[in-house]
Amino acid sequence: MTEPTLISTFALFLPATLTPDLSMSDTFLESAAQTALDPHNIRCERNGKRQLRLDAPPSETIWLMIMRFERGLRRWVHENKRTGEVVVRRRIFLGNGWVLSPDIAFLAPSKEGAPFFVDRCWPLKLCPKFVVEFCSNAHELQSFQRKMLFWIASGAELGWLVAPHAECMFVYAPGVEPLIVGEFGLGQGRLHGFVLPLAELWCLKEC
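Keep in mind that this is a model prediction, so the values were computed, not measured. (Residues numbered from 1 in each chain as written. Predicted model: local features only at pLDDT ≥ 70, side-chain atom pairs only at ≥ 80, totals over all residues. Heavy atoms only, no water.)

Draft legend 1. Inspection of the nonpolar core at higher detail. By size, the foremost hydrophobic cluster in this structure holds 27 residues, and its most contacted members are F69, L73, F130, F134, W160 and L201. Secondary-structure elements contributing two or more residues to this core are helix 3 (60–79), strand 7 (104–107), strand 8 (130–134), strand 9 (158–163), strand 10 (168–172) and helix 5 (199–202). Here this core takes seven residues from helix 3, the largest share from any one element. Excluding its chain neighbours within four sequence positions, the residues that come into contact with L201 are M65, F69, F134, V162 and L196. By size, the runner-up hydrophobic cluster in this structure holds 22 residues, among which are L100, V131, F144 and M148. (Core = buried A, V, L, I, M, F, W, Y, C linked by side-chain atoms within 4.5 Å. Buried < 20%, exposed > 50% of the residue type's maximum accessible area, 1.4 Å probe, protein only. Helix = DSSP H or I, 4+ residues; strand = E, 2+ residues; numbered from the N terminus. Contact = heavy atoms within 4.5 Å.)

Draft legend 2. Main features of the pattern of salt bridges. Taken as a whole and assessed by the stated rule, the structure comprises ten salt bridges. Here D103 ties to R43 by a salt bridge, and the two come within 3.4 Å at their closest N and O atoms. You can see D103 sitting in the loop between strand 6 (99–100) and strand 7 and its partner R43 sitting in strand 2 (residues 43–46), a full 60 residues away along the chain. Residue classification places R43 among the buried positions, given a relative accessible area of 5%. A salt bridge links E70 to R74; the nearest nitrogen and oxygen atoms lie 2.6 Å apart. (Salt bridge = Lys/Arg side-chain N within 4 Å of Asp/Glu carboxyl O.)

Draft legend 3. Representation of the sheet that holds strand 4 (residues 85–88) within the structure. Read across the open sheet, the six strands follow the order 4-7-8-9-10-11; overall the sheet is mixed. Across the chains shown, the open sheet's two edge strands, defined by having one partner strand only, are strand 4 and strand 11 (179–181). Within the sheet, the average angular offset between the axes of one strand and its neighbour, ignoring direction, is 20°. Sheet topology note: the strand 8/strand 9 ladder contains five bridges and is parallel. (Pairing = 2+ DSSP bridges. Axes fitted to C-alpha atoms, helices over the stretch in contact; angles between N-to-C directions.)

Draft legend 4. Structural context of helix 3. With 20 residues, helix 3 extends 29 Å from end C-alpha to end C-alpha; this agrees with the ideal 28 Å at 1.5 Å per step. Regarding helix 3, the residues found buried are I62, M65, I66, F69, E70, G72, L73, W76 and V77. Turning to helix 3, the residues buried within the fold contact strand 4, strand 7, strand 8, strand 9, strand 13 (195–197) and helix 5. Phi turns positive one or two residues past the end of helix 3, at K81, with a value near 55°. (Expected span 1.5 Å × (residues − 1).)

In structure tokens form, the structure reads like this:
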């Protein structure tokens, strides 16, 4: 049986929540991150109760949206000489045992303009400044909304929750209520000037 077939078969049982041996959880997750074994096909996260949550691979349409968003953000960061790194589906090791894997994240120094380097060979143990999540299932929306609030509480300066099924996006920032937008995503803070026409994502639903 080929690897893609194994992944497809395993995905039939997802989403799933597991409670692994606690002494192995950190070792396994960090080792997988360090050796680049994190598959973008299946997302593995851990909550504060140290339970693992495994999600099925994203649909082809959602993955196309993630890739288009990532290319646009990476190009903007480069052209505007912003200090930081754009990553896709990388595990982020936060405090209190939480491990999350956002669809897209912008990692940057706490102080704008300070030197910054991401070692891709080691687990990431800092909260992104900008986080993007894609919710492909309307039934999962509330769960994603709670997740976005946790990102902000953990130190993210800006969070976008993209909901293709409703063709809208929820914008999260510290100290303000979430904002729903339907046409454009506008960057704030160190991402001021970044613009995402959401129609560029919605049109991929027709591909």
